[in-house]
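Coordinate inspection notes
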Amino acid sequence: MALTRIAGLSLQAQKTFFIETFGCQMNFHDSEKVAGSLVLQGYRQVEAAEDADLILYNTCSIRDKAEQKVFHRLADFKRLQKEGKKFAVIGCVAQQEGERIFERAPHVSLVAGSSSYRSLPQLLVQIEQGERATGLNDRETSQTFETEFTARTNPHRGYITIIEGCDKFCAYCVVPYTRGRERSRTSQSVLEEARRIADSGLTEIQLLGQNVNSYRDPIGRASFAELLAEVGRVPGIRRVRFTTSHPRHFTRDIMEAIDTVPTLCDHVHLPVQSGSSQVLQAMQREYTREQYLERIAWIRAARHRSIAITTDMIVGFPGETEADFRQTMTLLDEVQFDGIFSFKYSPRPNTPALAMENAIPEEEKTARLAALNEKQREIQRPNYARHVGEIVEAMVEGYHPARGQIAGRSSQNKPVNFTIPEGSPPPAPGSYVPVRVTRAFPNSLAGELATESGVEPGKSLAEAPGPCSRI
Ligand code: SAM
Ligand code: SF4
């Protein structure tokens, strides 16, 4: 994570903080807001827990493994308490476990929910005085959207939370209990932030929400699709992504927006969870396999380009039979996803699935997960290989010195690693360059800078003449 400093403050005098984030992009963006609030309080961010006065863990409780990670981390660093360092647990585990965290890890001084960074100044005063502090009453607030300062740590992409919380209550999921009810931010405020991001020089925006497309403008001005299109038209913005979409609210107008606004990326992440309508019903997902496939057909019918589709899948949900699992496998064949995030069902506190019968044994879940991933790898091989010979537009994200490769990302969200002619300066991070794809792997593309397409190495595509084909 990049460091954030404020000019004019003596480094010695300044209190320091270290923040480690677990979980999803929403958590990472929440950490950017927490870091912003701390910087405004005069703190300076450092890159190692050992160098910090305040150590914060922004936590995830979506699966048991994610939740346990933070307790391991707290145990690993407990020894630092002797040096006077303070520990804070924030985010979803904090919401879920509350003050029980103090019992499990007595060296923790602060336990606060995902949206409590607005009350951080008061909470910090309490812990500075040697007291314990909690900030857990923020699940219903929509104040979380407006922050005085967000310490943006992704140098290429600006995140904007447009909707908080979730009202869906899927039978397996803890999110409605940790992040509270759905509340949307006004379209006006979203657009203002998008313009600020563009003014700061970032060219990519990602709209965030647990169900980003359940968005409902509190001032009734724009639907989700209209807002998406408007963000895509903000001058200076070249790429817009959005995550995560719920299939139930994936309406045709979202595809119309993608068809008409070229800056909206060639990628839709649409979690399906299971290929079996019976399991989907037990999960309370509120759509069937057929309805999901109908949405896939809309995406495949995009007018000008090929849209990559990725998904989330859960295997081993209680009662998932062999036949149900086969339907998940055949869904992979039918949709030919560009990527999947696959998980073994993990029982979570408070959720209805906890009480369901016919739990699937752990070994069976492991076997199903392995079979699913193996099949998907085989699907991705030809999918990625199809791009060999194409010129794709890559946004430069970094440099792998060991491999002598530049790391980029396509509009379809596929990693594109490429070389540049010997002796040429590497293209600037954040710039867009054409890459000729020469090799494909199941999860990435490799190639070389397509200098003959008229773009000089080191110049961005934006400065170059002519269009660039998308993958
Ligand atoms: N709102 C999004 C949706 O409905 O598709 C998903 C957001 S959730 C934070 C991210 C993913 O975690 C889900 O799509 C699901 O696959 C996975 N997940 C959630 N709860 C889970 C559980 N109890 N066990 C395993 N995976 C889980
Ligand atoms: Fe969890 Fe379901 Fe809400 Fe997604 S829609 S966050 S899976 S409850």
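Our subject in this report is the structure included herewith. Sequence positions are assigned chain by chain, starting from 1 and proceeding in written order. Just so you know, chain letters begin at A and ligand numbers begin at 1, following the order they were written in. Since the coordinates come from a predicted model, pLDDT governs what is reported: local features require at least 70, and pairs of side-chain atoms require 80 or more to be given and counted, while whole-chain, interface and lining totals use all residues. Water and hydrogen atoms play no part in the side-chain values, which are based on all heavy atoms of the structure.

Helix and strand definitions follow DSSP, with helices as H or I runs of at least four residues and strands as E runs of at least two, each counted in order from the N terminus. Looking only at helices and strands, one finds 13 helices and 19 strands in the protein chain. The globule rule used here is 2.2 Å times the number of residues to the 0.38 power, and the radius of gyration it is set against is calculated over C-alpha atoms. In terms of overall dimensions, the protein chain is globule-like: its C-alpha atoms have a radius of gyration of 23 Å, near the 23 Å expected for 471 residues. If you line up the protein chain on its principal axes, its C-alpha atoms span 65 × 60 × 50 Å. Any residue under 20% of the maximum accessible area for its type is buried, any over 50% is exposed, and the rest in between are partly exposed; the area is computed with a 1.4 Å probe on protein chains only. Within the protein chain, the fraction of its 471 residues that count as buried is 56%. Residue pairs in contact within the protein chain that sit at least 24 positions apart in sequence constitute 74% of those at least 6 positions apart. We get accessible surface area from the Shrake-Rupley algorithm with a probe of 1.4 Å; when it comes to residues, only the shown protein chains can shield them. Of the roughly 20100 Å² of accessible surface on the protein chain, a fraction of 49% belongs to carbon and sulfur atoms. One way to put it: in the protein chain the 57 positive side-chain charges average out to a point 1 Å from where the 58 negative ones average out. When checking whether two residues touch, look at their non-hydrogen atoms; a contact exists if any pair is within 4.5 Å. Residues scored as charged are limited to Lys and Arg (positive) and Asp and Glu (negative), so that His and the chain ends carry no count. A single reference atom marks each charge: NZ on Lys, CZ on Arg, CG on Asp, CD on Glu.

Turning our attention to the site of ligand 1. Near ligand 1, the surroundings consist of 17 residues, among which Gln210, Gln273, Arg285, Asp312 and Ser346 are the closest. Burial of ligand 1 by the protein amounts to 92% of the accessible area it has alone, namely 570 Å². Only β13 (308–315) and β14 (339–344) provide two or more residues apiece to the shell around ligand 1. For this scheme, ten residues count as nonpolar: Ala, Val, Leu, Ile, Met, Phe, Trp, Tyr, Cys and Pro. Four count as charged, namely Asp, Glu, Lys and Arg, and the remainder, Gly too, count as polar. Of the residues that constitute the shell around ligand 1, the class distribution is 6 nonpolar, 6 polar and 5 charged. Here, proximity means that at least one heavy atom of the residue falls within 4 Å of the molecule or strand.

To continue, consider the sheet that holds strand β18 (residues 432–440). Pairing between strands is defined by DSSP: at least two bridges between the two strands are required. Taken together, 5 strands build a closed barrel; the order of strands is β15-β16-β17-β19-β18 and the barrel is mixed. Averaged over all pairs of adjacent strands, the angle between their axes in this sheet comes to 50°, without regard to strand direction. An axis is simply a line fitted to the C-alpha atoms; with a helix, the fit covers only the stretch in contact. Between two such axes, the angle follows the N-to-C directions and lies from 0 to 180 degrees.

Our next topic: the site of ligand 2. What surrounds ligand 2 is the set Cys166, Lys168, Phe169, Cys170, Tyr172, Cys173, Val175, Pro176, Asn211, His246 and Arg285. Here the residues of the shell around ligand 2 are counted per class, giving 7 nonpolar, 2 polar and 2 charged.

If you walk across this open sheet you meet the 3 strands as β7-β10-β11, and the pairing is parallel. In this open sheet, the two edge strands, each paired with only one partner strand, are β7 (157–161) and β11 (239–243). Within the sheet, the average angular offset between the axes of one strand and its neighbour, ignoring direction, is 20°. Two elements, β7 and strand β10 (residues 204–208), share 5 bridges in a ladder whose sense is parallel.

Before going further, it helps to examine the pattern of salt bridges. We define a salt bridge as a side-chain nitrogen of Lys or Arg found within 4 Å of a carboxyl oxygen belonging to Asp or Glu. What the rule picks out here adds up to 34 salt bridges. The closest approach of N and O atoms between Asp333 and Lys375, which form a salt bridge, is 3.2 Å. Of this pair, Asp333 sits in helix α12 (residues 322–335) while Lys375 sits in helix α13 (residues 362–385), and the two are 42 residues apart along the sequence. Across the salt bridge formed by Glu362 and Lys365, the nearest N and O atoms sit 3.4 Å from each other.

The next point concerns helix α5 (residues 120–128). Along α5, the residues that are buried comprise Leu120, Leu123, Leu124 and Ile127. Down the axis of α5, the buried set is contained in an arc of 100°. They therefore lie on one face. Where the residues of α5 are buried, they touch α1 (25–40), β3 (54–59), β4 (86–91), β5 (108–112) and β6 (133–135). The first or second residue beyond α5 is Gly130, which carries a positive phi of 85°. Of all possible arcs, the one meant is that of the directions from the helix axis to the C-beta atoms.

Turning our attention to the side chain of Asp259. Note that Asp259 resides in helix α9 (residues 252–260). For Asp259, a relative accessible area of 11% gives the class buried. The contact partners of Asp259, leaving out residues within four places of it in the chain, are Ala302, Arg303 and His304.

Our next topic: the nonpolar core. Take the buried residues of types Ala, Val, Leu, Ile, Met, Phe, Trp, Tyr and Cys, join any two whose side-chain atoms come within 4.5 Å, and each joined set is a nonpolar core. Within the largest apolar cluster, 68 residues are counted, with the highest numbers of intra-cluster contacts made by Ile162, Leu207, Val231, Phe242, Phe250 and Phe337. When residues of this core are assigned to their parent elements, the largest contribution, 6 residues, is made by helix α8 (residues 224–232). Among residues more than four places away in sequence, those in contact with Leu207 are Ile160, Ile162, Val190, Val212, Leu228, Val231, Arg241, Phe242 and Thr243. Phe18, Val46, Tyr57 and Val93 belong to the second largest nonpolar core, which has 24 residues in total.

Attention now moves to the packing of helix α11 (residues 289–300) against α12. The angle between the axes and the distance between the axes are what describe a pair of packed helices. Remark: α11 packs on α12, axes separated minimally by 12 Å, with the N-to-C direction vectors making an angle of 15°. As summarised for this structure, α11 and α12 are arranged roughly parallel, according to the angle between their axes. For the crossing formed where α11 meets α12, the hand is right-handed. Contact residues: α11 offers Arg289, Tyr292, Leu293, Ile296 and Arg300, while α12 offers Gln327, Thr330, Leu331, Glu334 and Val335. In these notes the angle categories are as follows: under 35 degrees is roughly parallel, over 145 is roughly antiparallel, 65 to 115 is roughly perpendicular, and the rest is oblique. Handedness of a helix crossing follows the sense of rotation of the near helix relative to the far helix, less than a right angle counterclockwise being left-handed and clockwise being right-handed.

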